Amino acid sequence: MTTDFQTGRKALGARLRALRAEAVLSGKELAGRLGWPASKISKLENGKQTPNLTDLEAWTTAIGRPEALSELKARLSGLETTYRSWRRQLVAGHRPRQEQAIAETAVTTLTRALEPFCIPGLLQTPEYAHATITAAADFRQTPRDIEDAVRARMRRQKALYDPEKRFVFLIHEAALHARTCSRPVHAAQLDRIMSVIGLDTVEVGIVPLSAQLRAAPNHGFWLYDRRLVIVETIGTEMWLADTASIETYEKAWDWMWESAVQGSEARRIIGRVRAALGPV
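Cut-offs applied
Residues numbered from 1 in each chain as written. Predicted model: local features only at pLDDT ≥ 70, side-chain atom pairs only at ≥ 80, totals over all residues. Heavy atoms only, no water. Helix = DSSP H or I, 4+ residues; strand = E, 2+ residues; numbered from the N terminus. Contact = heavy atoms within 4.5 Å. Areas by Shrake-Rupley, 256 points an atom, 1.4 Å probe, with all protein chains shown as cover. Lys, Arg positive; Asp, Glu negative; His and termini not counted. Charge placed at Lys NZ, Arg CZ, Asp CG, Glu CD. Buried < 20%, exposed > 50% of the residue type's maximum accessible area, 1.4 Å probe, protein only. Axes fitted to C-alpha atoms, helices over the stretch in contact; angles between N-to-C directions. Parallel < 35°, antiparallel > 145°, perpendicular 65-115°, else oblique. Left-handed = near helix turned anticlockwise from the far one by under 90°. Nonpolar A, V, L, I, M, F, W, Y, C, P; charged D, E, K, R; others polar. Core = buried A, V, L, I, M, F, W, Y, C linked by side-chain atoms within 4.5 Å. 1 Å grid on protein atoms, 1.4 Å probe; cavity = no way out; pocket = protein on both sides within 12 Å on 5 of 7 lines; lining within 4 Å. Points joined across faces, edges and corners; volume = space filled by probe spheres on them. Pairing = 2+ DSSP bridges. Expected span 1.5 Å × (residues − 1). Arc of directions from axis to C-beta.

Break down the overall build of the protein for me, citing the residues and quoting the values.
Looking only at helices and strands, the protein has 13 helices and seven strands in total. Overall, the C-alpha framework of the protein stretches about 75 × 35 × 35 Å when taken along its three principal axes. Within the protein, counting contacts between residues at least 6 apart in sequence, those at least 24 apart form 75% of the total. Approximately 14000 Å² of the protein is accessible, and the part contributed by carbon and sulfur atoms is 54%. Separation between the mean location of the 39 positive side-chain charges and that of the 32 negative ones in the protein comes to 4 Å.

Below you can see the structure in the form of structure tokens.
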């Protein structure tokens, strides 16, 4: 299945190829001018490799079209703004990404989060957040600014008590069972979710394991008003602001919400999972 990112990269590659053709250069000739292997020219032109800014600068200089650089930079920026690799985002650690989340939350009135496999960051206890961020740092081999990142995540949670804001969390029951930390930390995390049910700024929907679903959730995502949706995958985070994407994710949200329970029924499910942990 071709993703929007792959489509965009192929379009950028096609533009590079067209510029080379306009300069009446073969791929081999251009590779010789640049001192690159011919395979790199082929990969860039066929959308198999993402160029960096240095590549684009070298390309436009070699073909004698320096004025084309601004256009190519804009195309590349579009790819990097929408599809942000975790390696790039976390190059300085996890705190900067948490600060981004604080900024987005600050300018959002309605925040909706769907999480099928983990507890949303806005509801995490410090201990659960510590375990989650530590695991992410270990997996992605990023700088271990764990304590700073946890403190930033906790600062973001102050927004839950802002009367001008509203938060709706849609959590699959599987996320309540997923053990990513010690039993005491897990138990405290479930207690934390129970404690926010009833806040006038927060609504929690739990999708029971036994619920009939119109479509199964493939991954989590966050909707910020109707202006932005952020989607997390294993290797990439997508920031989508176009109308079509937002409408697609709102539809996915609506379909999942149909299967969710709230209030006392949500408390009952959380309580059942909590009781299964036994004494801690």
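Go over the environment of P143 with me, naming the residues and quoting the values.
On the secondary structure map, P143 appears in the loop between helix 8 (126-140) and helix 9 (146-156). You can call P143 partly exposed: its relative accessible area is 36%. Considering only alpha carbons, one finds P143 and P37, 106 residues apart in sequence, at a separation of 33 Å. Residues in contact with P143, not counting those within four places in the same chain, are L90, V91, A92, G93 and H94.

Talk me through the environment of L76; I want residue IDs and the actual numbers.
As for its position among the elements, L76 is in helix 5 (residues 69-82). A relative accessible area of 4% places L76 in the buried class. In contact with L76, other than residues within four places in its own chain, are T50, P51, N52, L53 and L56.

So, the packing of helix 2 (residues 27-34) against helix 4 (residues 53-62): which residues are in play, and what are the values?
Two elements in contact, helix 2 and helix 4, have axes separated by 10 Å at closest approach and are oriented at 110°. With respect to their mutual orientation, helix 2 and helix 4 come out roughly perpendicular. Remark: the crossing between helix 2 and helix 4 carries right-handed chirality. Of the residues in helix 4, those in contact with L30, R33 and L34 of helix 2 are A58, W59 and A62. Its residues placed into classes, the contact of helix 2 with helix 4 shows five nonpolar, no polar and one charged.

Please provide a residue-by-residue account of the nonpolar core, values included.
Counting 33 residues, the largest nonpolar core has F169, I171, L176, V204 and I206 as the members making the most contacts within it. Of all the secondary-structure elements, those providing two or more residues to this core are strand 3 (166-172), helix 10 (173-177), helix 11 (183-196), strand 4 (202-207), strand 5 (221-224), strand 6 (228-232) and helix 13 (263-276). A per-element tally of this core places helix 11 first, with five residues. The residues touching V204, leaving out its near neighbours within four places in the chain, are F169, I171, I193, V196, I197, W257, V261, Q262, G263 and A266. L16, A31, L72 and L76 belong to the second largest nonpolar core, which has 19 residues in total.

Residues and numbers for the layout of surface pockets, please.
In this approach a probe as big as a water molecule rolls over the atoms, and the regions it shows empty are the leftover space. Estimates place the volume of the largest pocket at around 980 Å³. What lines the largest pocket is a set of 35 residues, among which W86, C118, T132, R140 and E232 lie closest to the centre. Those elements giving two or more residues to the lining of the largest pocket turn out to be helix 7 (95-106), helix 8, helix 9, strand 5 and strand 6. Top element by residues in the lining of the largest pocket is helix 8. It accounts for eight residues. Its residues placed into classes, the lining of the largest pocket shows 19 nonpolar, nine polar and seven charged.

Go over the sheet that holds strand 3, please, and point to the residues and values.
The strand order 1-7-6-5-2-3-4 describes an open sheet built from seven strands, whose pairing is mixed. Strand pairing shows two members of the sheet lacking a second neighbour, strand 1 (83-85) and strand 4, which therefore form its edges. Put simply, the sheet's adjacent strands are angled 15° from each other on average, direction ignored. Pairing of strand 1 with strand 7 (residues 236-240) involves three bridges; the strand directions are antiparallel. By the bridge assignment for strand 7, R84 is matched with E237. Sheet contacts for helix 7: strand 1, strand 3, strand 5, strand 6 and strand 7; angle to strand 7, the most-contacted strand, approximately 20°.

Report on helix 7, specifying residues and quantitative values.
In this model, helix 7 (twelve residues) spans 17 Å end to end at C-alpha, consistent with the 16 Å of a helix rising 1.5 Å per residue. The set of residues buried in helix 7 consists of R97, Q98, A101, E104 and T105. In an axial view of helix 7, the angular spread of the buried residues amounts to 115°, which keeps them on one side of the axis. If you follow the buried residues of helix 7, they end up packed against helix 6 (86-89), helix 9, strand 3, strand 5, strand 6 and strand 7.

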